[in-house]
Amino acid sequence: MGRSRVKGSLKRAVYDHPGEILTDSGQMRQRRGRWAEAFGEAAPLHLEVGMGRGRFLAELAARDEPVNYVGVEIKPDRCVTAREKIRRRARRPFVVLNAAVEILPQLFLPGEVQRIYLNFPDPWPSYVYRGRRLFNTAFLRLYQGLLPVGGELWFRSDQAACYEELLASLPPRLRVEEHGCDFHAGGHEFTIFQTEYERRYRAAGATIHHARLVKTGSGILEIRAGC
Ligand SMILES: C[S@@+](CC[C@H](N)C(=O)[O-])C[C@H]1O[C@@H](n2cnc3c(N)ncnc32)[C@H](O)[C@@H]1O
């Protein structure tokens, strides 16, 4: 799709579906600390960073669990597709933010996000682009700051190197609760919720590495990735 068509469809989506997709960071900032009010319902807030085309959140929001959902994605066309996909099935409040993960501390108060999903956050496999990897030390610190004590970060990737890098880069207050190199072998109830990239990689024969991290009240921990 050309840039002007993408812009046009994004503008239309924002206009036609107020509150379901936001592009204006000023409007997003106004909701900081007041997301429950914006959703019209106080419920734990679960956020997917780099959500892509929204398959995963569409499946989660189709359940009747008391959760409010936020998806963050930097690419406008993906946001438009994600909003449509989630809306088709949603039984829960949701919003899609067309924003960079880097500005999340301006959009959410510390502790305002109960759970963060970080699914296949490796669009920049080259070492040269490590600053852009959504799981590098700086990003992990950022996520840590958004979570309350007891809040969780759920990670999945097909890349063993990403998984190892994540576990080696943890800030002091993110503790590993569970982790492994074959998520789908473990009988985990969450394996039914799959992302677009996950389906693609699994179809090509990849196994999925995963980790669930919990924010603790104080630091400490050492963890080895080896499987
Ligand atoms: C490899 S895709 C994974 C998409 C989805 N999570 C999945 O598993 O199917 C990574 C996504 O992160 C988005 N992304 C990359 N850097 C970002 C950033 N700084 N802020 C927000 N989104 C970003 C990309 O546009 C892309 O859609």
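Refer to the structure above for everything that follows.
Residues numbered from 1 in each chain as written. Predicted model: local features only at pLDDT ≥ 70, side-chain atom pairs only at ≥ 80, totals over all residues. Heavy atoms only, no water.

(A) Up close: the overall build of the protein. In terms of regular secondary structure, the protein is built from nine helices and eight strands. The principal-axis extent of the C-alpha atoms belonging to the protein is close to 50 × 40 × 40 Å. The buried share among the 227 residues of the protein stands at 49%. Taken as a whole, the protein presents about 11100 Å² of accessible surface, with 48% of it coming from carbon and sulfur. For the protein, the separation between the mean place of its 35 positive charges and that of its 26 negative charges on side chains is 5 Å. (Helix = DSSP H or I, 4+ residues; strand = E, 2+ residues; numbered from the N terminus. Buried < 20%, exposed > 50% of the residue type's maximum accessible area, 1.4 Å probe, protein only. Areas by Shrake-Rupley, 256 points an atom, 1.4 Å probe, with all protein chains shown as cover. Lys, Arg positive; Asp, Glu negative; His and termini not counted. Charge placed at Lys NZ, Arg CZ, Asp CG, Glu CD.)

(B) Representation of the site of the ligand within the structure. Lining the immediate environment of the ligand, one finds 19 residues, of which G50, E73, R78, V101 and T195 sit closest. Within the side chain of E73, one N or O atom sits 2.6 Å away from an oxygen atom of the ligand. Within the backbone of Y197, an N or O atom sits 3.0 Å from an oxygen atom of the ligand. With the chains in place, 96% of the 600 Å² that the ligand exposes on its own is no longer accessible. For the shell around the ligand, a count of residues per class yields nine nonpolar, four polar and six charged. (Near = heavy atom within 4 Å. Polar contact = N/O pair within 3.5 Å; in protein donor to acceptor, adjacent residues only side chain to side chain. Nonpolar A, V, L, I, M, F, W, Y, C, P; charged D, E, K, R; others polar.)

(C) Structural view of the pairing of strand β2 (residues 45–49). With five of its five residues buried, β2 lies for the most part within the structure. With burial as the criterion, each face of β2 is covered, one bearing L45, L47 and V49 and the other bearing H46 and E48. In this sheet, strand β3 (residues 68–73) lies alongside β2 in parallel orientation, the contact comprising five bridges. Its bridge partner being in β3, H46 is matched across the sheet by Y69. (Pairing = 2+ DSSP bridges.)

(D) Geometry of the nonpolar core. Counting residues in hydrophobic clusters, the biggest one holds 38 residues, and the most contacted among them are L47, L97, L104, F108, Y143 and L166. Here the element with the most residues in this core is helix α7 (residues 137–146); it accounts for five residues. Among all residues touching Y143, those that are not within four sequence positions of it are V49, V101, I116, L118, L134 and L153. If you look at the next biggest cluster of nonpolar residues, it comprises 25 residues, including M51, A61, C79 and A82. (Core = buried A, V, L, I, M, F, W, Y, C linked by side-chain atoms within 4.5 Å. Contact = heavy atoms within 4.5 Å.)

(E) Spotlight on the sheet that holds strand β4 (residues 94–98). Spatially, eight strands are ordered β1-β4-β3-β2-β5-β6-β8-β7 in an open sheet, and the strand pairing comes out mixed. Edge strands, defined here as strands with exactly one partner in the open sheet, are β1 (21–22) and β7 (174–180). Where strand β5 (residues 115–119) lies against strand β6 (residues 152–157), five bridges are found, and the strand directions are parallel. Residue pairing in the sheet places N119 in a bridge with R156 of β6. Strands in contact with helix α8 (residues 160–168) are β5, β6, β7 and β8 (209–215); relative to β8, the strand with the most contacts, it is inclined by about 20°. (Axes fitted to C-alpha atoms, helices over the stretch in contact; angles between N-to-C directions.)

(F) Spotlight on the pairing of β4. The element β4 is largely enclosed, with a buried count of five among its five residues. Neither face of β4 is left uncovered, since the one carrying F94, V96 and N98 and the one carrying V95 and L97 both have all their residues buried. When β1 meets β4, the two strands line up parallel, connected through two bridges. Counterpart to I21 in the pairing with β4 is V96. Judged from the five bridges that link them, β3 and β4 form a sheet pairing that is parallel.

(G) Looking closely at the pattern of salt bridges. As enumerated under the stated definition, the model contains twelve salt bridges in all. In this structure, the salt-bridge partner of E37 is R34, at a minimum N-O distance of 3.4 Å. Given a relative accessible area of 45%, R34 falls into the partly exposed group. Between E178 and R212 there is a salt bridge, with the nearest N and O atoms lying 2.7 Å from each other. Linking E178 in strand β7 with R212 in strand β8, this pair joins segments that are 34 residues apart in sequence. Note on E178: relative accessible area 23%, which makes it partly exposed. Several salt bridges share partner residues, and in doing so they unite E20, R83 and R87 into one network. (Salt bridge = Lys/Arg side-chain N within 4 Å of Asp/Glu carboxyl O.)

(H) Representation of the packing of aromatic side chains in the model. The tally for this structure, following the rule as stated, stands at eleven aromatic pairs. An angle of 20° between the planes, with centres 6.3 Å apart, marks the rings of F139 and Y143 as stacked. With F139 and Y143 both in helix α7, this residue pair falls four residues apart, about one helical turn. (Phe/Tyr/Trp six-rings, centres within 6.5 Å; stacked < 30°, edge-to-face > 60°.)

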